[in-house]
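Results of the structural survey
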Amino acid sequence: MAVEHANLESAAPDNVASAALSRIISKDEFMHMDIIGQFNLGFIIVRKRVPYGDDVVMEEREAGPGPGTESLAQDDLFVVDQHAADEKWNFETLQEKTVIESQRLFRPRPLHLTAADELLAAENMDVLKKNGFDVVQMDMMTGAADVDPDEEVEEGSVHSDRLHLVAQPVSKDTVFDMKDLEELIHLMQDRPKGTMVRCSKARAMFAMRACRRSVMIGKPLDKSRMTSIVRHMGTMDQPWNCPHGRPTMRHLSDLMCFGGYDLAVREVDWESFGQIDEESDDDRNSEVIYLCA
């Protein structure tokens, strides 16, 4: 009984479901999308057209191509959030290029790191410096005079003091501390040498800056500005969400599904256009029903 009421007959065929699942956007496709225009002063309508190729399943033709889409495998409209997309571009640019200002310490501070963390920090000193943490490597003999005598070190500790912190990051509204340095070293694990990483405080700071400098909702855009925003999405590392988690784009419509309609061209009688029709309401209603059918 449960199966009978499951409405399995209305389920989409396998080829239709497969075509829906294959609607995947790669980042290089942003460079070839057509810019249709701006909607509601907040969204950019783009069109993605994919021609038939050897890697396209030919059963997709059974759905019937729409007008002007006979040689296309996919023809879709997407809506792009202009603020979210521009914000993510600015955020990733800040993440990659910003050098956080630092302030030198009164005296170098020894870093009690494990051998593995010390190796990571030594190999990524440039990354740490861009984050405002200026770390230098000192000899154990010369660095002994710089060690704070009041700082206790556990007996039998496996930590090394060859690395010293000589400057730490400063910002107007953000306070950084040693926990942020530990987070950076932890993020460097399982990443190639020299890969840029940012602590959570820096990411939040960059997200706020990116939001303020991005295109706002309600701002009219010309085609060149809309094109720039969409093309930038193809150069991002993760273009699918803004730093605050809002999606940058959504699928709007599959234009291939309009192939089943035969829209006849209707001629307009401009001489009688706008004149009051004296025909009865019944005749007018029947004509409306006929046209809608």
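Coordinates for the structure precede this section.
Cut-offs applied
- Residues numbered from 1 in each chain as written.
- Predicted model: local features only at pLDDT ≥ 70, side-chain atom pairs only at ≥ 80, totals over all residues.
- Heavy atoms only, no water.
- Pairing = 2+ DSSP bridges.
- Helix = DSSP H or I, 4+ residues; strand = E, 2+ residues; numbered from the N terminus.
- Axes fitted to C-alpha atoms, helices over the stretch in contact; angles between N-to-C directions.
- Core = buried A, V, L, I, M, F, W, Y, C linked by side-chain atoms within 4.5 Å.
- Buried < 20%, exposed > 50% of the residue type's maximum accessible area, 1.4 Å probe, protein only.
- Contact = heavy atoms within 4.5 Å.
- Polar contact = N/O pair within 3.5 Å; in protein donor to acceptor, adjacent residues only side chain to side chain.
- Arc of directions from axis to C-beta.
- Phe/Tyr/Trp six-rings, centres within 6.5 Å; stacked < 30°, edge-to-face > 60°.

Take the sheet that holds strand E5 (residues 134–137) next. Ordered in space as E4-E6-E5, the 3 strands form an open sheet in which the pairing is antiparallel. The open sheet is flanked by strand E4 (102–110) and E5, the only strands paired with a single partner. This sheet shows a mean twist of 20 degrees between the axes of neighbouring strands, independent of strand direction. Both E4 and strand E6 (residues 163–169) contribute to a ladder of 5 bridges, which runs antiparallel. Among the inter-strand pairings, Pro-110 is bridged to a residue of E6, identified as His-164.

Our focus in this paragraph is the nonpolar core. Ranked by size, the top nonpolar core spans 28 residues in total, and within it Leu-111, Leu-128, Phe-133, Phe-176, Leu-181 and Phe-206 carry the most contacts. Those elements that place two or more of their residues in this core are helix H2 (82–97), helix H3 (115–123), helix H4 (125–130), E6, helix H6 (178–187) and helix H7 (200–213). Apart from residues lying up to four places away in sequence, Phe-176 is in contact with Ile-100, Phe-133, Gln-168, Pro-169, Ser-171, Cys-199, Lys-201, Ala-202 and Met-205. In this structure, Val-215, Met-226, Met-233 and Met-236 belong to the second largest nonpolar core, which totals 17 residues.

Attention now goes to the side chain of Gln-82. By the element assignment, Gln-82 lies in helix H2. The exposure class assigned to Gln-82 is buried, which follows from its relative accessible area of 0%. Looking at Gln-82, its side chain comes within polar contact range of the main-chain oxygen of Met-216, at 3.0 Å.

Looking now at helix H8 (residues 223–233). Looking at H8, one finds that the buried residues are Met-226, Ile-229, Val-230 and Met-233. The arc that holds every buried residue of H8, seen down its axis, measures 90 degrees, which confines them to one face. Turning to H8, the residues buried within the fold contact strand E1 (34–39), strand E2 (43–51), strand E3 (72–81), H2 and strand E7 (249–254).

So, on to the packing of aromatic side chains. Across all of its chains, the model carries 1 aromatic pair by this definition. Considering the side-chain rings of Phe-30 and Trp-240, the 5.8 Å spacing of their centres and the 40 degrees angle between planes classify their relative orientation as tilted. A residue pair is termed long-range when its members are at least 10 positions apart, and Phe-30 in the loop between helix H1 (14–21) and E1 and Trp-240 in the loop between H8 and E7 qualify at 210 residues. The exposure class of Phe-30 is buried, given its relative accessible area of 0%.

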